[in-house]
Amino acid sequence: MYSARPKPGDTEEDLLKSQREFLAAEATGSAKVVRKPSETASGHGRQEQTTRDVVDLEHGGLPPQLPSFETGAKPSKKASRFKQRQKKVRDVTEGEFDGEEKMESHDTHITRVLTEIVERDTSGQTVRQPHFTGLAFPKVLHRQQAAAAQDKRPVKPASLFAQQFSAVSPTLFGLPDQNTGTSEELMETDPGNGEAMVSGFGGASMVVEGSGLTHDRAAVENEAQQIHLENVARLAAMTDQQIQQERDKLLQTLDPSIVQFLASKKAQMSSQTQDTSVTRTRHTGDCSPKPVDSPVQPHASVAGVTTSASLTDQDRLRSLVSEEDSSGDVLLAEMDTGVPLQEQVPIHPSKDWLNMDVVEHEKLEWMKDLPPPKPGDNKGIVARFDLEGQLMSRDKDVPTHLGLHHHGDEPEVAGYTLEELFLLSRSRLPQQRVLALQVLAKIVARARNGEFSMALNGPLLPLMLESGMVFIVRFSLDENSPSLVATAVEALHSLLVLPGDEMCADHVFSWHRGKEFPALSPERNPEEEGVEERGQEKTDQDLAKEDVIKGLLRMTLLPRLRYILEVLRPDGPTVVHIVEILIRVARHSLQAAYQVARCPRLIETIFAELLPLSWTDTVSSADRSEAHGRPLPQAMKLLRVLCMAGRNITAVLISKHSLMERIMRYTAEHPSDLQLDQLEAFNLAVESLRTWALCASYGLGCQAFSELYSMVVQTLQRLFGSLSSVESHTDPQSFYAMALFCLIEATTHTAGVAAQLSARLTATPGEGDNLPAPPISWSHVTGLLPVVHLCVKKWATQAASHTGETKEVNGGLVASCLHYMASYLSKLVLQPSHDAVRTLQSLEELVSDVLQPLINSVYFTAQLQELSTYSPTCQHCGARGPRQDSPALPDLGCRKAVTRQQPWLCVHEHSPYNMVTAVYRLAVQAVSIHKGLANKLCPLVTHQHVVAFLSSWQSAPDSFSYWLRFEHHLLYHIIKLFTQLVPSVPACCPHTVLYHRTALTLLKRLVPGDEHYIHDLMSTVIFQQDFFIESRLGAPEAADLSDMLHVSDGSSPTPISSAAPLPSHPSRGTLLKEAYSRLPSIRATYMHVLQGFKLDTDKSRSRALQRPHQTQALLLPVCSGPLLPADWVFLPLLQLHSLANSLESRGYPVETLPADVVTMVTNSLRLILLMEVWRTELLSSLTLAAKLTRLMCVFLTGSELFLDGSVHHLLSTLLRHYTQPGLLLTLDFNMPIPGITSFYDLYKGLLDQYEATSFGDSLFASFVLLPLQQRFGVGFKKLLLSEHDAVFRTFPLQFQELVVPVQNYLEPQETDLELLQMYLGVLLTGTVRQQWAPIFYLIMVKHISSYIFGLSGQDAPRRTLLRQVLSSRNETLKHHLLHYHTVNLQARPLGFDLHSQLPPDRLQMIQDVGDT
C-alpha cells in the first residue's frame, strides 16, 4: 500500500513527482471505489426487511472484503425521483407511511457511505440531439415574466431556478416540449367568491394583512382572507347588543391614540382598495363592469371608498381590529415628526425585488430624514467634536454628507464624543482606528493649545489621560499597518509635545542663561520617593497616571520608536514627530535622557540615517517624503537636548558617536553651500552652532574651535558687512549670527578659566580633583574682540538712530553682541595678562560710543516703557489658575490660544527683556571695573520708566511661571547696578526704599535654578543697613511718639508681664533701633538657616558665573514654585520647632537651649519686627492667623525660651502689633492656614505646653486666649474645658493686660447649651475661680447669667441651668450669677457690676423654679 500523502505546502510540481513515484512503484492505492448493485436490478430482488447498520468495534467495524466494482446484469429502468416523491405523497395521504421505518432507513454508518458509492447508470436512457435554433444563447428570462408565470401556477415550494425554468419553453434550449398541456392547467376562480365578497364588511379585511408571516404572498392573502371570513361569520352570529358591548369594551381598553391610528389606517386602505378595483377592472378582460342597477351596487361602497356619512357601527368596529406586528414603533416615528413614516421613507415594493415584497417601515426608520437639532444651551452637555478636532455646537445644522452623524443616542446632533472616539479606536477595522486616532490627536493638540479653556467645564487633557489614551496610542504603535503606526505617532506627538514650549525654548536660547531649561517631570512628594525606595512596584496603569513619560518608558517606548525608524522607515513628517517625541522624553529628567542615550541602536540610527556626513539629494524638505539619508535639524536639536542633561552624556556623544565631526561638517561652510534647501540648511547650521555652544559650556569641543578659528572670524566679518539690526527679524542670517555669538561667548568663558586651571594643576599636581586645562587659552579669543566691537558699534548705532517702531529693530541681534561684551569683561579681569589701564580706556570708549547713545535714544526709552506691557506680573498673567495641563504631563504653559493668561509674555518675539537685560548686564560689568562710569550710567536706575516699572512690579500680586525667570534676571541686574551706584551717586538715594522693597519681593519670587541670586541678594542688599534709611530719618522715634499718643488717650493697654523677673519693657522704637544695629548678625542667622540650599547654590553659582569646569548640567530642577516660601522670615522659628518635635519624638525632650539658638530666635523676631513696621508689603500675602501660628512655635519648642528677656519683649511687641483694631478684624482661625495641616491639633499642643511650662506667664496666656473669641466657634472652648481644665489653675492674666478687647469674648451671647453646661460645671466644681483665672471667670458668669435671664434662650434649658445654680453651695458664685448686671473692667477684682437687689423678673423666675 502506498502511504505517501500530499502535504499542505506541496506545489503542483511536488504532486506530479508523487504521481510518477506511485506509478513507478506499482503499489496498491490506499482506497478503492466500488459501486454497489442496485436493489431494483433483475436477479437480486428487494429485501423485504431493512436491517439497521450497527458499528461492531470488536470485529473491526468494517466488512472483511469490500464488494467488487463490477456490476451485475443490466438493470431495469429506475423510477424517476419525481415519481418516487409522488408515491411518498400518496403513501402519506393513504396512511401507509411508517415514520420509524423512514428514520431507520436514514440511520446509516460511514461504512454504508463508503461502500455504496455507485455511479448513475445512464445506459437505458434515451439521448436526444438538440434542435437547431436561431438564437445564439437562450432567451434571457426577466423576473416579471417569472412572477407572472408563478401567479398562474399552483402554489408549490420551488427554487428560483425551477420557477424560471418552468416559465419558459424547453424549445429555447433545443429540446422538445413534453408538457404542452401543463401550461394550460390554470387555477380557476371560484364563482362563489363573488357572492362572499358581497358583504357589509367588504371583500377583504381592512386591518389584517398578514405582513411578517411569510414571504409567500399568495398564502398570506389566502390566510388573511380566511381570518376575515371567520370574523365576518362570527359577527353575523352576534346580536346588535353583543356587538355594542364588545365595541365599548375595546374602546375602554385600547389606547385612544391606537384607536385613532386604526381608524386612519382603515380610511387609507379603503382608498387603496378603490384604486386597486379600478386597476383590476382596467386589466381584467373577462370581468366586465357591473351595470348601475346591479344588485351588488348597494354594497360597492363598502369594497371601494366609504364616506364618513355611510360609516356604520360594523365599519367602526372593524377599524378597531389591529394586526399583530410592531406598528407601535411606526406610530412613535409618526408622532415625532407629525408625518407618516411611509411619507418619510417613500419606498414602494416592486416585483423585481426578490423576497422583499413586504415593506417593513419600522425597520427602515433609520433611513428617514434627521430632525433638525434642538436649539438650547450647551452648558452641562457632553462635548462633541468634528473630524478636525473642533468643538461643535449642538444646535448647528450640519450636512449629513460630512460624515459627522451616526447612530448614537442623539442622531440629529453632529459630531463625536470622546467616548465614541475611544470606542472607535478599538475597532477591528484599521481605517476606523486611523480615523479615531487622527481626531483624538487633533483634539489633544487643540486642548494643549488652550482652545477649549473657556468652552469646557474643566481641562480636557487630564480626562483623556484618565480614560486610557496613553495605552490606546501605545498599543497602536505595535501594529503592522504603516498608516496606523504613522497615525499613532501623530497622536503620541500631540499628547506629549507642546509646540509653544519648544518655540519659546529655541527663542530664548541666545538670551542670558537661556541655554538652561527645567526638567518637565511631575512634582514628587517624599512619600512617593519612600515607596520607590522600599521597592514597592507600581503597575503600568498607576505609573502612567502619575507620570506619563515614565510609564511610556516602562512600556518599551524607546525600542519601538527605534524599530520604526530603523526598520519601518516611515515618511518625513512621521520621522520628525518621532524625533520631537524623543526630545520631549529627554526633557523629562536626567534619568530619561540617559535612557534615550543608552537605548540600543537608537542614537546609532539617528547618526547614520538622520545626521549623515554625505548626501546628494537637493530636493526641498517640503517636497520630499523620505527623511532618511539627509541631515535633519530636529535630530541635531535632540542631541543638543541630550547634551543639556549633563556633562557625561555630552562626553559620550563626542567620544563614541563623533558628534563634533557632524557639527564641523555642517558649520565649516556657509549654509548656502550645503546641498540642502536654503531654509533647511540655515536651520541645520543654527542647531549645530547651538549644540556646539552647549558642549563648550562644559569646556568640551573646544579643540574644534581652534581648528575652525579662521572660519569663525571670516563669518563674523561677513555678518558685519551684510547684516543690519533694522528689519532683519526674518532674515535667516540673523539667527545664524545669534547662534554664532552664543558659541564664541561659551568659548570665551572656557578660555577665561584656562589660566586658573593651569595654575591649580601646577600648584597641586597630586590632587585628583584638579581638571586638565582646556585645549584653548585666552589668546585664542582676544583676536575676536576687534571684529565683535565693530559689530556692536554698527548694530547698536543703527538701533539708537532708529526712530520708527521698536518692532522693526532686531533687538536679539544687538543683545547677543552686548552679552558677549559683558562675558568678555567678566573674564578679562581674571587673566594674569590683564592690563588695567588699557581696560579702563577701552571701557570709557565703549560707554561713550555705544552705551550712552543707546541709553539716551528714543528706541531704548521705548523699550523701557514697554517693560510693564510685556511683564506677566504687571499684567497679572502669571497668576495661578486652573491648570490646562495634567499633573502627570506638565508643561510650561505656552499656549497660543490663551490670550488673557500668557505667562510667556516676557519672552515674546517683540519682548524688550533680552535687549534691556543685555544693557544692564554690560553696565554692571563696566561699573564693577571702572567706578568712574557711575555718573554716566545713573539714568539706567533713575529713569522714570524704570521707577514706574519697579513700583508696579513689586506691588503686583505674586505670580509663578518658569518664563518669569528672565524677568527676574533683568530685575536682579537692575538692583545690582543700583547697589553699585548708590554709594557714589546722590541722585539714587531717593529711590533706596523702592529698590530695597523690589529686592525683598524678588527674593521670594525667584524660581529653582537661581539659588545664587538669593545668596547674593541676602549678602549685599537685603540686610544692608544703607537700605533701611528709616533709621536715619527718625522712624524709631516716630514709633515711640505714636505709642505715647496712644497711652495718653487711654487706648493702649499696659505692657504684658512675665513669669520671670525681667527689666522694664523697652519701647517699640528702642527695639527697632536694636534690630537695625544687629542687621549683620541677622544676616548671618539667615545665611546659616539657608545652608540646606548650599549644594544647589554652588551649582547655580557655576551656571550664573559661567564656570565651565564646574558646570555639571544645564538641566534645572523641576520648576514647581518659588524657591523661598512666602513666610521665609519665619524660617528659623519653623526649623527650631521641627527640630524640637523630632527630638521629642525620639525621647529627647528639649529642656534648655544653647545660646546660639536663643540668638537665632531673637534675630528672627527682630527681622520680623523690622519688616512688619518698615516693610509691611513683604508679609502682606500672609494671613494674620498664619503669622500668629508661626509665633506660637516659640512656645512649642518644649523649653523656657519665651521667658528670655529679648524674646519676651519682641513677642509682646509683635502681638500688640498684630492685634491692632484694623488687623484684628482679619484674624480667622477657622479658615485653612498655609503650612499647617490642622490648627486644632496645633492648639491642642499649645495647651499641653501651657500646662507643662507656662508658669502662668501672661504672654503665653495671651496667645492661648486668642482662639477663644466668640466668632471662632465652640470647638476650641470645648477642647479647653474637656481636656485641659488645668489651664484655669494658672491663668493670672489681668484685664489691663488684654491685647484683644474683652467684648470679643463676651459678644455675641453664647447659645450652645452643652458649652453653657460645661461653663457652669467648672464653676460649680471650683475649677475656675476668680482668683486663678479672672478672665475666664468673667466670661463664664456673663454668658450663664445672660442666657438664664435673657430672652434668647429656650425656657426649659434656662430653668434647668437656674435650678443648678440655685442648688449650688457656693453662695458667692450663686450671688454673682444671680445678680450679674454688666461688664465693668474698672470694678476690680470682678470686672463686672452686680445688682444691689434682684430685678422683679429674675425674682419671679426664681420663685417659679423654686415652686416646681
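These lines cover the structure that appears in this document, whether it is placed above or below.

Calculation rules
Residues numbered from 1 in each chain as written. Predicted model: local features only at pLDDT ≥ 70, side-chain atom pairs only at ≥ 80, totals over all residues. Heavy atoms only, no water. Patch = residues over 30% accessible without salt bridge, like charges linked within 9 Å, V, L, I, M, F, W, Y side chains within 5 Å. Areas by Shrake-Rupley, 256 points an atom, 1.4 Å probe, with all protein chains shown as cover. Salt bridge = Lys/Arg side-chain N within 4 Å of Asp/Glu carboxyl O. Helix = DSSP H or I, 4+ residues; strand = E, 2+ residues; numbered from the N terminus. Buried < 20%, exposed > 50% of the residue type's maximum accessible area, 1.4 Å probe, protein only. Contact = heavy atoms within 4.5 Å. Disulfide = S-S within 2.5 Å. Phe/Tyr/Trp six-rings, centres within 6.5 Å; stacked < 30°, edge-to-face > 60°. Lys NZ or Arg CZ within 6 Å of the ring centre and 35° of its normal.

Let us now look at a nonpolar patch on the surface. Together, Y563, V567 and L568 make up an exposed nonpolar region whose accessible area comes to about 230 Å². Relative to the assigned elements, V567 resides in helix α24 (residues 557–568). V567 sits in the partly exposed class, given a relative accessible area of 43%.

Let us look at helix α59 (residues 1275–1283). Every buried residue of α59 is listed here: F1276, K1277, L1279, L1280 and L1281. Looking at the packing, one finds that the buried side of α59 touches α57 (1239–1253), α61 (1313–1324) and α62 (1334–1349).

Attention now goes to the state of the cysteines. In this structure the tally under the stated criterion is 0 disulfides. With no disulfide of its own, C817 lies 5.8 Å from the sulfur of C791, the closest cysteine sulfur.

Applying the stated criterion across every chain yields a total of 43 salt bridges. When the shortest N-O distance is used, the salt bridge between D540 and R554 registers 3.3 Å. Of the two residues, D540 is situated in helix α22 (residues 540–546) and R554 in helix α23 (residues 548–554); the sequence distance between them amounts to 14 residues. A residue is classified by how much of its surface remains accessible, and R554, at 31% relative accessible area, is partly exposed. Its salt-bridge partner being E669, residue R665 comes within 3.0 Å of it at the nearest N-O pair. Beyond isolated ion pairs, a larger network of salt bridges with shared partners links E502, D506, R587, K637, R640, E687 and R690.

Our focus in this paragraph is the packing of aromatic side chains. Per the counting criterion, the structure on display carries 35 aromatic pairs. When the centroid spacing of 4.9 Å and the interplanar angle of 55 degrees are considered together, the rings of F1195 and F1263 count as tilted. Taken together, the residues span a long stretch of sequence, with F1195 in the loop between α54 (1184–1192) and α55 (1205–1218) and F1263 in helix α58 (residues 1258–1265) at a distance of 68 residues. Take F1195 and F1263: they sit in the same class, and that class is buried. What links up through ring pairs into an aromatic cluster is the set F1195, F1202, Y1250, F1260, F1263, F1288, F1291 and F1336. For R587, the ring lying beneath its charged end belongs to F517, and the centroid distance is 4.3 Å. Sitting over the face of the ring of F509, R640 holds its NZ or CZ atom 4.9 Å from the ring centroid.

Since the α-helix turns once every 3.6 residues, residues separated by three or four places project in the same direction. Restricting attention to buried positions, one finds in helix α50 (residues 1079–1089) the residues L1079, I1082, T1085, Y1086, M1087 and V1089. The inward-facing, buried residues of α50 abut α47 (1011–1022), α49 (1068–1077), α52 (1131–1145) and α53 (1155–1174).

Attention now moves to unusual backbone geometry. Geometrically, the link from E1307 to P1308 is a cis peptide bond, its omega value of 0 degrees lying close to zero. Of note in the backbone geometry, R569 takes a positive phi value of approximately 50 degrees without being a glycine. Structurally, R569 is set in the loop between α24 and α25 (572–586). You will see that F1255, though not glycine, has its phi angle at about 55 degrees, which is positive. Relative to the assigned elements, F1255 resides in the loop between α57 and α58. According to the relative accessible area criterion, F1255 is exposed, its value standing at 55%.

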